[in-house]
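Residue strings, one per chain:
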Amino acid sequence: ASTVLFFPLKPLIYLWRYLALQAYQSFPRSQQLWHGLRVFALDSTALQLPEALWPVFGSAKSGTGVGPAQSRVAVLYDLHARLPVRCKAGHFLRQQDKHLIQYLLSSLGIGTLLILDAGFYSQRIFLQLLKKQIHYLVPLLPQAKPKRLKSFGPYDELCQIQSKRVSRKSKVTVRILVAYRR
């Protein structure tokens, strides 16, 4: 039986956290805020890994070892400090992005503006952010059909988003600001 040895990641993670904290603390408090809010962005990607890791992280082809081993990685960035402040890796198929970010969101609270990718467009995530009083920006999906409740002016509306799942017919009230990308 052959054994595969891996370099332990804990010392690297500790060093990264220490250096990120030192860099972050070097910024004056006034430079860490935008209009009184700490601004973060959340993103995720798939990483290709050595084939020996497919039993742990899965692969693009149903985790059967066919195709490259891959892991999903989600990262929370502080946009003012330009630093990744937290990250979470997980199984390629079982831990999709919406599951990975639960760990990342636990460090955020009142006074935060979070910018999300359209891949995180989820009523469950919206409810969690609202419960923690976190402001967020996320692109509206083309298939989303929010119900308009009130208009505050051109491109500014109060809307209601309803879950598509029949088992959870809950509704979330959100303010939608329309901005067009160039």
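Residues numbered from 1 in each chain as written. Predicted model: local features only at pLDDT ≥ 70, side-chain atom pairs only at ≥ 80, totals over all residues. Heavy atoms only, no water.

### Some words on the overall build of the chain
Line of reasoning, step 1. Of the regular secondary structure elements, the chain holds four helices and eight strands.
Line of reasoning, step 2. Ordered by position from N to C terminus, the α and β elements of the chain give α-β-α-β-β-α-β-α-β-β-β-β.
Line of reasoning, step 3. Scored against the burial criterion, the 182 residues of the chain give a buried share of 30%.
Line of reasoning, step 4. Approximately 12,500 Å² of the chain is accessible, and the part contributed by carbon and sulfur atoms is 58%. (Helix = DSSP H or I, 4+ residues; strand = E, 2+ residues; numbered from the N terminus. Buried < 20%, exposed > 50% of the residue type's maximum accessible area, 1.4 Å probe, protein only. Areas by Shrake-Rupley, 256 points an atom, 1.4 Å probe, with all protein chains shown as cover.)

### Here we look at the nonpolar core
Line of reasoning, step 1. Counting 24 residues, the largest nonpolar core has Leu42, Ile101, Leu114, Leu116 and Leu129 as its most contacted members.
Line of reasoning, step 2. Put simply, the parts of the chain that give this core at least two residues each are strand E1 (38–49), strand E2 (69–78), helix H3 (97–105), strand E4 (112–116), helix H4 (123–131), strand E7 (156–162) and strand E8 (171–177).
Line of reasoning, step 3. With four residues, the top contributor of residues to this core is H3.
Line of reasoning, step 4. If sequence neighbours within four positions are ignored, Ile101 has contacts with Leu42, Ala74, Phe120 and Ile125. (Core = buried A, V, L, I, M, F, W, Y, C linked by side-chain atoms within 4.5 Å. Contact = heavy atoms within 4.5 Å.)

### Side note on the layout of surface pockets
Here the idea is plain: a probe the size of a water molecule rolls over the atoms and shows the empty space left.
Line of reasoning, step 1. Approximately 870 Å³ is the volume found for the largest pocket.
Line of reasoning, step 2. Around the largest pocket, the lining comprises 26 residues; the ones closest to its centre are Tyr136, Leu137, Val138, Arg175 and Leu177.
Line of reasoning, step 3. Sorting the residues of the lining of the largest pocket by element identifies E4, H4, strand E5 (135–137) and E8 as the ones contributing at least two each.
Line of reasoning, step 4. Top element by residues in the lining of the largest pocket is E8. It accounts for five residues. (1 Å grid on protein atoms, 1.4 Å probe; cavity = no way out; pocket = protein on both sides within 12 Å on 5 of 7 lines; lining within 4 Å. Points joined across faces, edges and corners; volume = space filled by probe spheres on them.)

### Quick word on the pattern of salt bridges
Line of reasoning, step 1. Taken as a whole and assessed by the stated rule, the structure comprises three salt bridges.
Line of reasoning, step 2. Residue Asp78 is joined to Arg38 by a salt bridge in which the shortest nitrogen-to-oxygen separation is 4.0 Å. Within this pair, whereas Asp78 is found in strand E2, its partner Arg38 is found in strand E1, the two being separated by 40 residues in sequence.
Line of reasoning, step 3. For Asp78, a relative accessible area of 1% translates into the label buried. (Salt bridge = Lys/Arg side-chain N within 4 Å of Asp/Glu carboxyl O.)

### Description of the environment of Ser44
Line of reasoning, step 1. As for its placement among the helices and strands, Ser44 is situated in strand E1.
Line of reasoning, step 2. Residues Ser44 and Gly119 lie 75 residues apart in sequence; the distance between their C-alpha atoms is 8.8 Å.

### What to know about the pairing of E2
Line of reasoning, step 1. Most of E2 is tucked away: nine of the ten residues are buried.
Line of reasoning, step 2. When E1 meets E2, the two strands line up antiparallel, connected through ten bridges. Among the inter-strand pairings, Phe40 is bridged to a residue of E2, identified as Asp78. (Pairing = 2+ DSSP bridges.)

### Details of the sheet that holds E8
Line of reasoning, step 1. What the three strands build is an open sheet, ordered E6-E7-E8; its pairing is antiparallel. Because the sheet does not close on itself, it has two edges, and the strands there are strand E6 (147–153) and E8. Across the sheet, the mean angle from the axis of one strand to that of its neighbour is 20°, orientation sign disregarded. (Axes fitted to C-alpha atoms, helices over the stretch in contact; angles between N-to-C directions.)

### Focus: unusual backbone geometry
Glycine aside, residues mostly have negative phi angles, and peptide bonds mostly take the trans form.
Line of reasoning, step 1. In this model, Gln133 sits at a positive phi of 60°, which is unusual for a non-glycine residue.
Line of reasoning, step 2. Checked against the element boundaries, Gln133 lands in the loop between H4 and E5.

### Regarding the packing of aromatic side chains
Line of reasoning, step 1. Scanning the model with the defined rule gives one aromatic pair in all.
Line of reasoning, step 2. Ring centres of Phe126 and Tyr136 lie 5.0 Å apart, and the angle between their planes is 15°; this geometry places the pair in the stacked category. In this pair, Phe126 sits in helix H4 while Tyr136 sits in strand E5, placing the two residues ten residues apart along the sequence.
Line of reasoning, step 3. Take Phe126: its relative accessible area is 1%, and that puts it in the buried class.
Line of reasoning, step 4. The lysine or arginine in question, Arg86, covers the ring of Tyr103, its NZ or CZ lying 4.1 Å from the ring centre. (Phe/Tyr/Trp six-rings, centres within 6.5 Å; stacked < 30°, edge-to-face > 60°. Lys NZ or Arg CZ within 6 Å of the ring centre and 35° of its normal.)

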